[in-house]
2 protein chains.
Amino acid sequence: MGSLIGSTEKLVAEVLKATPTADVAALREAKRGILDYLASAYAGRDDAGAVKLLGAIEAEGGRPIAALIGQNKRANRRQAALVNGFLGHALDYDDVHSDVRGHPSSVILPTLFALASGREISGKQFLDAYILGVEVMARLGRAIGTASYLKGWHNTSLLGAVAATFAGARLLGFTAEQTQNAVGIAVSQAGGLRVQFGTEMKPLHAGLAAQQAVQAIEWTQQAFRGTDAALDSKIGFLHVYGGKAADEAARTALTEDWGKTWRIAAPGLWFKRNPFCSAAAHGADAALELAQLHVDAAAIEKIDIVFPPGGDAALIHTRPQTGEQGRFSIEYVVALALLGQPYTLANFSSAPVSSEAGMLMEKMSRCYDADHKPDPQAIPIGRFTIVRIMLTDGSVHSREVSVPTGSPQAPLTDAELENKWRDSAPDQDKAERLLQAIRGLENAWLSGLEELL
Amino acid sequence: MGSLIGSTEKLVAEVLKATPTADVAALREAKRGILDYLASAYAGRDDAGAVKLLGAIEAEGGRPIAALIGQNKRANRRQAALVNGFLGHALDYDDVHSDVRGHPSSVILPTLFALASGREISGKQFLDAYILGVEVMARLGRAIGTASYLKGWHNTSLLGAVAATFAGARLLGFTAEQTQNAVGIAVSQAGGLRVQFGTEMKPLHAGLAAQQAVQAIEWTQQAFRGTDAALDSKIGFLHVYGGKAADEAARTALTEDWGKTWRIAAPGLWFKRNPFCSAAAHGADAALELAQLHVDAAAIEKIDIVFPPGGDAALIHTRPQTGEQGRFSIEYVVALALLGQPYTLANFSSAPVSSEAGMLMEKMSRCYDADHKPDPQAIPIGRFTIVRIMLTDGSVHSREVSVPTGSPQAPLTDAELENKWRDSAPDQDKAERLLQAIRGLENAWLSGLEELL
């Protein structure tokens, strides 16, 4: 118990006093993160799940304060956080952070947009809060380690609810005591199981976490009291989910080297080119290389896909029935590439997978190699995927990828990211106006951007 | 993974076809459970936390459909579930079930009242759903075992969200497929940490679980999709929280001997005489016996309080600063008895503990005895508490209790329970009208009772 004591208080103090927008790299990546989040949320704005959530919100009623992205509607802050979190993550097209092993922006940004709505918040306040939310989420990810994810929790929601609460408290200028209390309220709501991967609940985890953060903030505003030892206690968040390893790790992971660099920029956000789980990005790049060989599917006898042990934990579907499940299937992602099928939204919809893809997946096996040494730049650290095709003529073709396109080590350019946004935006006028609003955000009120959602 | 497959489907089938109100004992206990829940919620209706929650709900807005207990107000169903769950558990005065190691009625009843409001639901439908909710919560408790509680989760919310979802699905006549889906949505929201014991978040856990159940039901009504393998999967609810032990236990615990007796009646609900954690009830009874000796506090040198290992896990405060923390402190409960102070709500408020109680607690130590054999009727199984006072003159006085008053083995009579309600009700006219409504509930519409909340 001893080692974690004071963790909450110390982290709260750092979050409340930092101004990370002073760091050029962090400011730049924060603006890219907002753009990518909005591109992902707009791309998902007609998703079937969003229509269902809107129906539920309509039935509930509530004061129309905060914008629902791309819907031309407003809802109360809690509802907006729920829906906008879902939208950002609906297509699994939103950013990833390797320290998080999950999706920071689709939790933190909906929380901040919801809390900012109807209030005078400067763009700089918003950017600072966002960078700090990502910082906390990444540090919580390092502190809590890998065991909880492997056991079955989804870090996007589990860590996201807590990190977004820190960010929200910072945005609204909470005192240290209020922030500690809000985090206390958040830890009892955080959760989310990976068994949902491939269902509409997976993206809703981002929305639920954002809802939980808004509740933690709003209930604290009403002076509702939770524990002030959320992270410290033996029965607190870090120890319960991270176990003994977290007791040690947290001492350094939470605040060491605070402010030297910001984790939104280093190791940095990973912006996706394609709408599927980033754990399949390595295999996708390898398969796309192999696709250049133009091998006929009938000539393939067997395909091995090799990971480090646990490297495929997020990819829970080995024989997906739908494109939606295929977002979490290395087999489906590899099959599409080898069949020359593009990584479009249509190929990851709730429609059944094609029979060609189904037959090709039957030839695939996953293998694990604990001894293989990947590129030292590998992301996440130690991750690689090898796709190895054995043909009926006895020949073997193999490709290995450790640093996929879009990851921080091989990032999308500003132009590529802006084009991702332009492809998602409803019209070009809106696309350009929103680009302008983001470019000058640190010198404007947040309301100028919020009105465009 | 193999052993849990089909668990969700099998349990859903049993819940949807059973009519437990046909069992006289179950029907009787269900009516007692409703009465006790309402007594507890009314007793807590002016709690400071409730005022704060009402403020938050007012700020959110929402359609006024479901009654907020004792508030003369309505809110949307989700909000009503949240507030009424909080109210039931606010004073830790509500029922406990030993299979649950937590509080079933303060989660299940607010969920059912919220879902029933504005709909034509018969009293019998309501009673069947309630009995089945308790049944599922108790069976989940047995399946999941003790490890998750000891690690830090609070069963009231963790199991409650899932059980209340089963109950709600049954109430609204969901199909098997809809029920399975709703349970899928529920498992990703369930959580709640024991670190909150002694704060306002502890009772809110009941409200959060009820809110989560309402969300699971309402989102399913909108056809929102979650996993259909909520309980079955290796990364599903039972295995994640219960570990390997649950894989084995669940096979029998979930559906074995289904319908032979109902767990609401055997082992039965435990209705409280006093507003503190039931884990302190044994020690309280022992201390009340010792108080008959009228020993002067100054003559006490040392007090040992002996539990079986882990038997005091819920009692997280050894030196409580406030009466509210004292709800989870065996030391405070024993001190009050020995000082001749009654177990009133005032003595468990947020006010600081008295200096006399503080000084007496300094003399207390907890000990653990794994070899001691308690009464075979002990509740929970194997539980005992020994309070041993060593006086300055060298004499030692000791009392042991395994079956405390109020527990199913030493239950409150109907008259005692009705008096608990009369003590909580705002006026005697209301008290009698509600008693009548509960007595005839199985032959009436639920709306007749709901209008009295």
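Definitions and cut-offs
- Residues numbered from 1 in each chain as written.
- Chains lettered and ligands numbered in written order.
- Predicted model: local features only at pLDDT ≥ 70, side-chain atom pairs only at ≥ 80, totals over all residues.
- Heavy atoms only, no water.
- UniProt positions renumbered as here; feature names shortened; annotations may be inferred.
- Helix = DSSP H or I, 4+ residues; strand = E, 2+ residues; numbered from the N terminus.
- Rg over C-alpha atoms; globule rule 2.2 N^0.38 Å.
- Buried < 20%, exposed > 50% of the residue type's maximum accessible area, 1.4 Å probe, protein only.
- Areas by Shrake-Rupley, 256 points an atom, 1.4 Å probe, with all protein chains shown as cover.
- Lys, Arg positive; Asp, Glu negative; His and termini not counted.
- Charge placed at Lys NZ, Arg CZ, Asp CG, Glu CD.
- Contact = heavy atoms within 4.5 Å.
- Buried area = accessible area lost by both parts, 1.4 Å probe.
- Salt bridge = Lys/Arg side-chain N within 4 Å of Asp/Glu carboxyl O.
- Polar contact = N/O pair within 3.5 Å; in protein donor to acceptor, adjacent residues only side chain to side chain.
- Nonpolar A, V, L, I, M, F, W, Y, C, P; charged D, E, K, R; others polar.
- Domains from an automatic or database assignment.
- Least-squares fit on C-alpha atoms with pLDDT ≥ 70 in both.
- Phe/Tyr/Trp six-rings, centres within 6.5 Å; stacked < 30°, edge-to-face > 60°.
- Pairing = 2+ DSSP bridges.
- Axes fitted to C-alpha atoms, helices over the stretch in contact; angles between N-to-C directions.
- 1 Å grid on protein atoms, 1.4 Å probe; cavity = no way out; pocket = protein on both sides within 12 Å on 5 of 7 lines; lining within 4 Å.
- Points joined across faces, edges and corners; volume = space filled by probe spheres on them.
- Left-handed = near helix turned anticlockwise from the far one by under 90°.
- Expected span 1.5 Å × (residues − 1).

Going by the annotation in an unreviewed UniProt entry, the name recorded for chain A is 2-methylcitrate dehydratase PrpD, with Trichococcus ilyis given as the source organism. Word for word, the UniProt comment on chain A under Sequence similarities (unreviewed entry) is "Belongs to the PrpD family."

Caption draft 1: Examining the overall build of chain A more closely. A count of helices and strands for chain A gives 19 helices and 6 strands. For chain A, whose C-alpha radius of gyration is 21 Å, the value lies close to the compact-globule estimate of 22 Å for 453 residues. Reported as C-alpha extents along the three principal axes, the dimensions of chain A are approximately 70 × 55 × 40 Å. Put simply, chain A has 453 residues, and 64% of those count as buried. Accessible surface, chain A: about 15000 Å² in total, of which carbon and sulfur atoms supply 51%. In chain A, the 43 positive side-chain charges and the 50 negative ones have mean positions that sit 3 Å from each other.

Caption draft 2: Inspection of the interface of chain A and chain B at higher detail. Taken together, the contacts link 58 residues of chain A with 57 residues of chain B. Where chain A abuts chain B, roughly 4800 Å² becomes buried across the two surfaces, and 57% of that area is made up of carbon and sulfur atoms. Among the residues chain A hides against chain B, the three largest losses belong to Phe224, Arg225 and Ile235 of chain A. Together they make up 15% of the total. A salt bridge links Arg78 of chain B to Glu60 of chain A, with the nearest nitrogen and oxygen atoms 3.0 Å apart. Where chain A packs against chain B, one counts 38 residue pairs in polar contact (both at pLDDT 80 or more). Contributing elements (two or more residues each) for the side of chain A that touches chain B: helix H3 (48-60), helix H4 (77-89), helix H9 (176-187), helix H10 (201-221) and helix H11 (237-253) of chain A. Within the side of chain A that touches chain B, the residues separate by chemical class into 22 nonpolar, 24 polar and 12 charged.

Caption draft 3: View of the domain arrangement of chain A. All names here are of chain A. By domain assignment, chain A separates into domain 1 (2-271 + 424-450) and domain 2 (278-401). The gap between the C-alpha centroids of domain 1 and domain 2 is 31 Å. Listed as interface residues are 16 residues of domain 1 and, on the opposing side, 16 residues of domain 2. Approximately 1300 Å² of surface area, both sides summed, lies buried where domain 1 meets domain 2, with 65% of it carried by carbon and sulfur atoms. Our enumeration of links across domain 1 and domain 2 arrives at 0 salt bridges. Viewed at the interface, domain 2 and domain 1 are joined by 4 residue pairs in polar contact (both at pLDDT 80 or more). Considered class by class, the residues forming the side of domain 1 that touches domain 2 number 9 nonpolar, 2 polar and 5 charged.

Caption draft 4: Up close: the relation of the copies chain A and chain B. Here chain A sits on chain B after a turn of 180 degrees about the axis and a move of 0.0 Å along it, with an RMSD of 0.0 Å. Between the two chains, the operation in question is that of a two-fold axis. Scanning chain A for the C-alpha nearest the rotation axis identifies Gly62 of chain A, at a separation of 2.0 Å. Looking at the interface residues of chain A, 98% of them are also at the interface in chain B, so both copies use one shared face.

Caption draft 5: Representation of the packing of aromatic side chains. Residue and element names in this part refer to chain B. Considering all chains together, one arrives at 25 aromatic pairs over all chains under this definition. Ring geometry for Phe113 and Phe126: centres 4.9 Å apart, planes at 40 degrees, overall tilted. Of this pair, Phe113 sits in helix H5 (residues 105-116) while Phe126 sits in helix H6 (residues 123-144); the two residues are 13 residues apart in sequence, bridging distant segments of the chain. Phe113 sits in the buried class, given a relative accessible area of 3%.

Caption draft 6: Quick peek at the pattern of salt bridges. The final tally for this structure, using the stated rule, is 68 salt bridges over all chains. A salt bridge links Lys302 of chain A to Asp304 of chain A, with the nearest nitrogen and oxygen atoms 2.5 Å apart. Classification of Asp304 of chain A by relative accessible area gives buried; the value is 9%. Here Arg28 of chain B and Glu29 of chain B are joined by a salt bridge, their closest N and O atoms 3.0 Å apart. Each of Asp99, Glu135, Arg139, Arg142 and Arg263 of chain A takes part in one network of salt bridges that share partners.

Caption draft 7: Geometry of the sheet that holds strand E7 (residues 385-391) of chain B. Residue and element names in this part refer to chain B. If you trace the 4 strands from one edge of the open sheet to the other, you get E6-E5-E7-E8, paired in mixed fashion. Only two strands of the sheet have a single neighbouring strand rather than two, namely strand E6 (364-368) and strand E8 (396-401). Averaged over neighbouring strand pairs, the angle between their axes works out to 20 degrees when direction is ignored.

Caption draft 8: Structural view of the pairing of strand E5 (residues 300-307) of chain B. All names here are of chain B. Taking burial as the measure, the 8 residues of E5 include 6 buried ones, the bulk of the element. Where E5 meets E7, 6 bridges bridge the pair, whose relative direction is antiparallel. In the sheet register, Val306 faces E7, and the bridge partner there is Ile386. In terms of strand pairing, E5 meets E6 through 5 bridges, oriented parallel.

Caption draft 9: A look at the side chain of Ser105 of chain A. Residue and element names in this part refer to chain A. In this structure, Ser105 sits in helix H5 (residues 105-116). Residue classification places Ser105 among the buried positions, given a relative accessible area of 1%. In this structure the side chain of Ser105 is engaged in a polar contact, spanning 2.4 Å, whose partner is the side chain of Asp95. With residues up to four places along the chain from it excluded, the contact list for Ser105 reads Tyr37, Asp95, Pro110, Tyr130 and Leu269.

Caption draft 10: A look at the sheet that holds strand E6 (residues 396-401) of chain A. Residues and elements named next belong to chain A. In spatial order, the strands read E4-E3-E5-E6; together these 4 strands make up an open sheet with mixed pairing. Both outer strands of the open sheet, strand E4 (364-368) and E6, are each paired with one neighbouring strand and no more. For this sheet, the mean angle separating the axes of adjacent strands, direction not counted, is 20 degrees. Pairing between strand E5 (residues 385-391) and E6: 6 bridges, direction antiparallel. Within the sheet, the bridge partner assigned to Val387 lies in E6 and is Arg399. Running at roughly 140 degrees to E6, helix H13 (residues 281-291) makes contact with E5 and E6 of the sheet. This element, helix H15 (residues 330-338), spans strand E3 (300-307), E4 and E5 of the sheet and lies at about 130 degrees to E3.

Caption draft 11: Representation of the layout of surface pockets in the model. As a volume, the largest pocket reaches approximately 930 Å³. Forming the walls of the largest pocket are 33 residues, and the residues nearest its centre are Val195 and His317 of chain A together with Thr227, Asp228 and Ala229 of chain B. Mapped by element, the contributors of at least two residues to the lining of the largest pocket are helix H14 (323-326) of chain A together with helix H9 (176-187) of chain B. No other element matches H9 of chain B, which puts 4 residues into the lining of the largest pocket. When grouped by side-chain class, the residues that make up the lining of the largest pocket number 9 nonpolar, 15 polar and 9 charged. If you go around the second largest pocket, you meet 30 residues; those closest to its centre are Gly226, Thr227, Asp228 and Ala229 of chain A together with Thr199 of chain B. In terms of residue count, the dominant contributor to the lining of the second largest pocket is H9 of chain A (4 residues).

Caption draft 12: Representation of the packing of H5 of chain B against H6 of chain B. All names here are of chain B. Two elements in contact, H5 and H6, have axes whose closest approach is 10 Å; the angle formed by their N-to-C orientations is 145 degrees. Both H5 and H6 take part in a crossing whose hand is right-handed. Judged by residue contacts, Ser105, Ile108, Leu109, Leu112 and Phe113 of H5 engage Phe126, Ala129, Tyr130, Gly133, Val134 and Met137 from H6. Here the contact of H5 with H6 is composed, by residue class, of 9 nonpolar, 2 polar and no charged.

Caption draft 13: Local environment of the UniProt feature "domain: MmgE/PrpD C-terminal" (unreviewed entry) in chain A. Residues annotated by UniProt as "domain: MmgE/PrpD C-terminal" (unreviewed entry) correspond here to residues 275-439 of chain A. Spanning residues 275-439 of chain A, this segment combines 33% helix with 16% strand, and its end C-alpha atoms are found 25 Å apart.

Caption draft 14: Expanded view of H4 of chain A. Taking 1.5 Å per residue as the helical rise, H4 of chain A with its 13 residues ought to reach 18 Å, and the 18 Å between its terminal C-alpha atoms agrees with that figure. You can read the cap of H4 of chain A off the contacts: a side-chain oxygen lies 3.2 Å from the backbone nitrogen of Arg78 of chain A, and it is on Asn76 of chain A.

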